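Reading the structure
Next come the chains, spelled out residue by residue.
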Amino acid sequence: MGEFILARGNGRKIPQEDKIFGISSRAKAAIAEKGFDHVINGTIGSLLDDEGNLVVLESVDKVYRELKPVDYAEYAPIGGIATFRESVKKAAFGNHAPDGFMEAVATPGGTGSLRNVISNYSSAGDQVLTSDWHWAPYNTIAGEIGRSVATYELFTEGGTFNAEAFAAKSAELLAKQESLVVIINTPAHNPTGYSLTLEDWSKVVEILSEEAKSGKAIALLIDVAYIDFAGDEDEYREFFPLLSKLPENVISIVAYSLSKTFALYGARCGAMICVAKTQEIADEFKRVCEFSSRGSWSNSAKIAQVILSRIYSDPELLRMTNEERAGYRNMLIARGRAFSEAAAECGLEIVPFDAGFFVSVPCDDPDKYSKRLEKEDVFLVPLAKGIRVAVSSISEEKCRKLPPIIKAALDAE
Ligand code: PLP
């Protein structure tokens, strides 16, 4: 029998079980059998407290509890409610909005934005460009709509952003395609925790401006899913104004998500926000993206759109939310620091890390090592080029303990 019974494969490789889901279930079983303190479950990409409970922002929860049925039961317009469209631009750009024509379209999380950008700014059969270390669902999202992912090496040997590789690969793709979608996930990249510096950003803008001389259409998708978990909100938004330097045939699109930033993972809310050189290009963005939304999930859920609108209409509430998030961000940053310091102490190599939910350890045969670590009651996610540790889901104490355990597993014959 083939891989499918009644379903059509359409060229896709669909595993029997989601890998991360399988590892998480084994981690949960180990915790049930041996106790929480004896197991390290570094698989979960949500922010958990030191006891393994989901972190929820109380100020957000308070708004949620005060909602009326009309706030969540009614359809939202396809592109989102008007107050959300305005608030989400402030949430994404903060004090660093670039110059340009902006439109925001509501989407179900950052995932929806990724899907709509790929479907509207690349052609069937095209390759979209991202780095070798990347969030695996980019492949699934592209594959579901008949595109695929091409990659460049994110880091030089010295561990800095590999602008040369980025330039070479984007030129190669633009030589054979009429348009190009480029996905950059920063700050606090998943899975490495790397954040592009201002210097890296200047190079990206320079390279894309050069490529754009071909006259072809380029969409620069900036996936900022983790933007409020890297460090100071202002500092990590300083790159946005650089986008204004891009020429007319490069549209920047920010994929913003409320999943992490407002701890509203299950509410499925985000937005795609364009920065365009002309009003016509921004209008076109809104028209094509709303059309795609209609043909995929239709309206996005209204509930979190209302929550964000309320928070941004009440300065005191906004202050409380930002303050609460900053507290959890500090907890997360301390965990990342504990892990990287302990890694340096025991000589465990990690991929260049700045901040965020994840740290990655490069290795050959990640599946072998992650299975070996499971025997030690350590559950991590094997990726193509290494093992991912979700510091978002383990305490600072466990973050400190983990590097020597990983090092021993990698060194054992
Ligand atoms: N981009 C990256 C890199 C992510 O890690 C995630 C979630 O894990 C997302 C985008 C989108 O998440 P959501 O659709 O929940 O907003």
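For the structure, check the block above.
This report concerns the structure included in the present document.

The rules behind each value
Residues numbered from 1 in each chain as written. Predicted model: local features only at pLDDT ≥ 70, side-chain atom pairs only at ≥ 80, totals over all residues. Heavy atoms only, no water. Helix = DSSP H or I, 4+ residues; strand = E, 2+ residues; numbered from the N terminus. Buried < 20%, exposed > 50% of the residue type's maximum accessible area, 1.4 Å probe, protein only. Contact = heavy atoms within 4.5 Å. Areas by Shrake-Rupley, 256 points an atom, 1.4 Å probe, with all protein chains shown as cover. Lys, Arg positive; Asp, Glu negative; His and termini not counted. Charge placed at Lys NZ, Arg CZ, Asp CG, Glu CD. Core = buried A, V, L, I, M, F, W, Y, C linked by side-chain atoms within 4.5 Å. Near = heavy atom within 4 Å. Polar contact = N/O pair within 3.5 Å; in protein donor to acceptor, adjacent residues only side chain to side chain. Expected span 1.5 Å × (residues − 1). Bend = angle between axes of the 7 residues up to and from the residue. Pairing = 2+ DSSP bridges. Axes fitted to C-alpha atoms, helices over the stretch in contact; angles between N-to-C directions.

Another point: the overall build of the protein chain. When you go through the protein chain residue by residue, the secondary structure sums to 14 helices and 12 strands. Projected onto its principal axes, the C-alpha coordinates of the protein chain cover approximately 60 × 55 × 50 Å. Across the 413 residues of the protein chain, 55% fall into the buried class. Within the protein chain, counting contacts between residues at least 6 apart in sequence, those at least 24 apart form 73% of the total. When the accessible surface of the protein chain is totalled, it reaches about 18300 Å², and 52% of it is carbon and sulfur. Averaging the locations of the 45 positively and 59 negatively charged side chains of the protein chain gives two centres separated by 5 Å.

If you look at the biggest cluster of nonpolar residues, it comprises 103 residues, and the most contacted ones within it are Trp201, Tyr256, Phe339 and Ile406. Other than its neighbours up to four places away in sequence, Ile406 contacts Phe339, Leu348, Val361, Leu373, Leu380 and Val389.

Attention now moves to the site of the ligand. Close contacts around the ligand come from 14 residues, with Thr111, Asp223, Tyr226, Ser257 and Lys260 the closest. Gly110 places a polar main-chain atom, nitrogen or oxygen, 2.7 Å from an oxygen atom of the ligand. At a separation of 2.8 Å, an oxygen atom of the ligand approaches a polar side-chain atom of Asn190. Here the ligand, which alone exposes 390 Å², has 91% of that area covered by the protein. When contributions to the shell around the ligand are tallied by element, the ones reaching two or more residues are α5 (109-121) and α9 (258-261). Residue contributions to the shell around the ligand peak at 3 residues, all from α5.

What follows is about helix α14 (residues 396-411). Taking 1.5 Å as the rise per residue, α14 with 16 residues should run 22 Å; its terminal C-alpha atoms sit 24 Å apart, in good agreement. Along its length, α14 shows its largest kink, about 30°, at Leu402, and proline Pro403 lies within four residues downstream of that point. Burial in α14 covers these residues: Lys398, Cys399, Leu402, Pro403, Ile406, Ala409 and Leu410. Residues of α14 that are buried sit in contact with β1 (40-41), α12 (315-346), β9 (358-362), α13 (366-374), β10 (378-379) and β12 (386-390).

What follows deals with the sheet that holds β12. Pairing is antiparallel across the open sheet formed by 3 strands, whose spatial order is β9-β12-β11. Because the sheet does not close on itself, it has two edges, and the strands there are β9 and β11 (381-382). Pairing geometry for β11 and β12, over 2 bridges, is antiparallel. When the sheet's bridge partners are listed, Pro382 is paired in β12 with Ile387. Sitting on the sheet, α13 is in contact with β11 and β12, with an inclination near 45° to β12.

Function cannot be inferred from these measures alone, as they are strictly geometric.
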